[in-house]
Amino acid sequence: MITTVTREKVQVPLLDLRGQWEQIQAEVMEAIHDVCASQRFILGPRVKELEERIAAYSQCRHGIGMSSGTDALLAALMALEVGPGDEVITTPFTFFATAGTVARLGARAVFCDIDPVTYNLSADAVEDFVATQCEPRLGSLVNRRTGGRVKVLMPVHVFGQSAEMDRLAEVAQRSGLKIVEDAAQALGAEDRNGRRAGSIGDIGCFSFFPSKNLGAFGDGGMCTTNDPELAARLEALRVHGARRRYYHELVGGNFRLDALQAAVLLVKLRYLDRWTELRQENARWYDGALECLGLGERLTSPRRLAGYRHVFNQYVLRAERRDALREHLAGAGIGTEVYYPVALHMQACFSSLGYRPEDCPEARRAAGEAVAIPIYPELTAAQRQYVVDTIAAFYR
Ligand SMILES: Cc1ncc(COP(=O)(O)O)c(C=O)c1O
């Protein structure tokens with residue numbers, strides 16, 4: 001039962017995984033039992049099978065299981081030898097890990113603004129940064145202001161819609177930048193050319209955090225790549241840089257995905273396309289119902305770019321009086337979340353980078369207006385209707 005009907009209140013949490021659990025419980029318990037019976041918990045055949053399946057699902061040649069999406073990003077940047085003196089162009093409107101991993105390697109995050117329609121890194125902003133603030137020097141692209149070597153472009157396919165990868169890839173190619181795709185929220189998303197998230201750049205990074213479309217029973221992640229050398233480096237990096245046990249060619253970490261998570265994910269992967277269709281159906285229904293409210297600029301639904309496959313990890317509205325709306329919905333038993341209340345260029349820990357609030361105005365505006373409403377596959381028609389009716393009552 002997903003809808004909890006108390007005496008007079010319907011409850012609609014932002015995400016409720018219990019319905020999913022009911023569908024798959026028997027299969028998952030069997031898969032877990034098999035791992036327990038084998039007593040092989042670290043890497044092993046299930047991780048390998050998941051790697052092959054996620055790689056194929058994402059149109060990639062190699063998948064390398066990682067302990068989380070964060071570790072996938074960290075390992076990807078390590079594989080590309082990002083370190084002190086290097087810079088990574090990315091978006092300020094994302095989960096912290098995107099830029100946090102850059103900083104952990106002693107490199108510098110360069111924030112370019114977002115496209116206000118999709119919330120994704122703006123290709124115009126990246127082109128403008130490269131054209132006006134960088135110059136080629138000795139085969140590298142150098143940021144004139146900092147003297148740093150701009151090495152990687154890291155777009156994020158935020159909320160489940162691919163960034164404009166054809167344009168971004170063109171800038172990267174022209175400027176000699178590597179691409180790490182943060183596809184944590186976007187397993188199965190496609191751009192206008194039908195290319196799947198994680199297959200376009202040099203390395204794609206996925207998260208299996210429980211709230212993702214394919215969620216583990218804990219933490220998990222994966223890197224994907226078409227480059228066999230990068231795949232081999234990533235495989236080594238996740239086991240402390242050893243290609244042969246106890247012989248360390250690189251300094252890596254313990255970034256391994258474990259067999260129990262892989263076993264759970266293999267079961268869930270069979271359902272992923274159906275769950276994605278249900279998310280898309282919920283999104284279409286919300287689009288129509290919210291449009292009928294006629295709220296115009298006061299409430300804007302998320303826009304799908306033509307020809308893209310949006311997998312709707314989140315359905316994010318832009319709302320006037322966002323915080324009051326959230327309170328109203330919370331009072332009615334409806335869960336919402338703000339992804340993301342503080343654009344990364346404004347985070348305290350990045351103050352030394354010297355950004356001002358006005359540097360990425362669209363990211364800052366989105367941080368004040370965006371609100372995610374429930375979109376999970378098992379949401380019932382009655383719950384969706386209740387969410388929309390409650391929103392309508394707020395603006396009435
Ligand atoms: C865009 C983005 N990047 C990176 C991550 C990090 O993934 P994880 O939570 O698995 O470490 C997440 C997930 O929370 C994310 O949404």
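Structure shown above.
If you're wondering where the values come from, they're calculated on a predicted model, not measured in any experiment.

1. Quick word on the pairing of strand S9 (residues 178-182)
The buried fraction of S9 amounts to four of the five residues, a majority that puts the element mostly inside the structure. With two bridges joining them, strand S8 (residues 149-154) and S9 adopt parallel strand pairing. Its bridge partner being in S9, Leu153 is matched across the sheet by Ile179. On the question of chirality, the crossover connecting S8 to the parallel S9 by way of helix H6 (residues 165-175) is right-handed. Bridging between S9 and strand S10 (residues 203-207) involves three bridges; their strand directions are parallel. Among the inter-strand pairings, Val180 is bridged to a residue of S10, identified as Ile203.

2. Here's the deal with helix H11 (residues 361-369)
Three or four residues apart is the spacing at which side chains of an α-helix point the same way, because the helix has 3.6 residues per turn. Taken as a whole, H11 has its buried residues at Ala363, Ala366 and Ala367. Projection of H11 onto a plane perpendicular to its axis shows the buried side chains occupying an angular sector of 105°, all on one side.

3. Quick word on the nonpolar core
Ile89 and Phe93 are the most contacted members of the largest nonpolar core, which totals 73 residues. The residues that make up this core include at least three from each of domain 1 (4-22 + 271-395) and domain 2 (24-269). For Ile89, the residues in contact, after removing those within four places along its chain, are Val110, Cys112, Val126, Phe129, Val130, Val150, Val152, Leu153, Met154 and Leu177. With 24 residues, the next largest nonpolar core counts Leu299, Tyr315, Leu329 and Ile334 among its residues.

4. A closer look at the packing of helix H9 (residues 272-292) against helix H12 (residues 381-395)
Two elements in contact, H9 and H12, have axes separated by 11 Å at closest approach and are oriented at 30°. Comparing their axes, H12 and H9 come out roughly parallel. When you trace H9 past H12, the crossing you get is right-handed. Every residue of H12 that contacts H9 at Glu281, Asn282, Trp285, Tyr286, Ala289 and Leu290 is listed here: Arg384, Gln385, Val387, Val388 and Ile391. Residues of the contact of H9 with H12, tallied by class, amount to seven nonpolar, two polar and two charged.

5. Looking at the pairing of strand S7 (residues 140-143)
Bridge count between strand S6 (residues 134-137) and S7: four bridges; the pairing is antiparallel. What sits directly across from Arg137, in S7, is Ser140. The turn joining S6 and S7, which pair antiparallel and follow one another in sequence, is formed by two residues; a positive phi near 45° is taken by Leu138. The sheet contact formed by S7 and S8 spans two bridges and is antiparallel. For Val142, the partnering residue across the bridge sits in S8 and is Arg149. Linking two consecutive strands that pair antiparallel, namely S7 and S8, is a turn of five residues; a positive phi of about 80° is found at Gly147 within it.

6. Re the site of the ligand
The immediate surroundings of the ligand are formed by 15 residues, with Gly69, Thr70, Asp182, Ser207 and Lys212 found nearest. Note that an oxygen atom of the ligand is positioned 2.5 Å from one of the side-chain N or O atoms of Thr70. Between the ligand and Ser207 there is a distance of 2.7 Å, counted from an oxygen atom to a side-chain nitrogen or oxygen. A total of 390 Å² of accessible area belongs to the ligand in isolation, and the protein chains cover 93% of it. For the shell around the ligand, the secondary-structure elements that each account for two or more residues are helix H3 (69-79) and helix H4 (97-104). Counting residues per element, the shell around the ligand draws most heavily on H3, at three residues.

7. Here's the deal with the side chain of Arg322
With respect to the element layout, Arg322 can be found in helix H10 (residues 322-331). A distance of 2.6 Å separates the side chain of Arg322 from the side chain of Asp323, its partner in a polar contact. A distance of 3.1 Å separates a polar side-chain atom of Arg322 from the backbone oxygen of Ala367. What Arg322 contacts, discounting residues up to four positions off in sequence, is Val338, Ala366, Ala367, Gly368, Glu369, Ala370 and Val371.

8. What about the environment of Pro84?
Structurally, the position occupied by Pro84 is in the loop between H3 and strand S4 (86-90). Pro84 gets classed as exposed once you look at its relative accessible area, which sits at 67%. As for Pro84 and Ala103, which are separated by 19 residues in sequence, their C-alpha atoms are 9.1 Å apart. Excluding its chain neighbours within four sequence positions, the residues that come into contact with Pro84 are Leu105, Gly106 and Ala107.

9. Overview of the packing of aromatic side chains
Counted under the stated rule, the structure contains 15 aromatic pairs. Measuring from centroid to centroid gives 6.4 Å for Phe159 and Tyr340, while their planes differ by 10°, and the two rings are stacked. Residue Phe159 is found in the loop between S8 and H6, and its partner Tyr340 is found in the loop between H10 and H11; the two are separated by 181 residues along the sequence. Ring centres of Tyr286 and Tyr315 lie 5.0 Å apart, and the angle between their planes is 35°; on these two criteria the pair is classed as tilted. Residue Tyr286 is located in helix H9, and its partner Tyr315 is located in strand S15 (residues 315-319); the two are separated by 29 residues in the primary sequence.

Rules behind the numbers
The residue numbers shown here count from 1 along each chain, following its written sequence. Where local features are concerned, this predicted model is filtered to residues with pLDDT of at least 70; where side-chain atom pairs are given and counted, the filter is 80 or more; whole-chain, interface and lining totals use all residues. Note that the side-chain values use all heavy atoms of the structure and ignore hydrogens as well as water. Throughout this description, buried means an accessible area under 20% of the type-specific maximum (1.4 Å probe, protein chains only), exposed means over 50%, and partly exposed covers the range between. Numbering of helices and strands starts at the N terminus; helices are DSSP runs of H or I of at least 4 residues and strands are runs of E of at least 2. Note: two strands are recorded as paired if DSSP finds a minimum of 2 bridges between them. Call a crossover right-handed when, viewed with both strands pointing away from you, the route from the first strand across the helix to the second goes clockwise. Relevant arc is that of directions from the helix axis to the C-beta atoms, nothing else. Throughout this description, the term nonpolar core refers to a set of buried Ala, Val, Leu, Ile, Met, Phe, Trp, Tyr and Cys residues connected via side-chain atoms within 4.5 Å. Domain delimitation in this document rests on an assignment produced automatically or drawn from a domain database. We call two residues contacting when some pair of their heavy atoms lies within 4.5 Å. Angular values range over 0 to 180 degrees, each being the angle between N-to-C directions of two axes fitted as lines to C-alpha atoms, with helices fitted over their stretch in contact. For classification purposes, an angle smaller than 35 degrees is called roughly parallel, one larger than 145 roughly antiparallel, one from 65 to 115 roughly perpendicular, and anything else oblique. The handedness criterion is simple: a crossing whose near helix is rotated anticlockwise from the far helix by less than a right angle is left-handed, and one whose near helix is rotated clockwise is right-handed. Under the convention adopted here, Pro, Cys and the residues Ala, Val, Leu, Ile, Met, Phe, Trp and Tyr are nonpolar, Asp, Glu, Lys and Arg are charged, and Gly plus all remaining residues are polar. Near, as used in this document, describes a residue that has one of its heavy atoms within 4 Å of the molecule or strand being considered. Polar contact is defined as a pair of N or O atoms within 3.5 Å, subject to the rule that within protein one atom must be able to donate a hydrogen and the other to accept it, and that residues adjacent in sequence are counted only when both atoms are side-chain atoms. Working definition of accessibility: Shrake-Rupley area with a 1.4 Å probe, residue cover restricted to the visible protein chains. Paired rings are identified among Phe, Tyr and Trp, the last through its six-membered ring, by centres lying within 6.5 Å, and are further divided according to the angle between planes into stacked (under 30 degrees), edge-to-face (over 60) and tilted (the rest).

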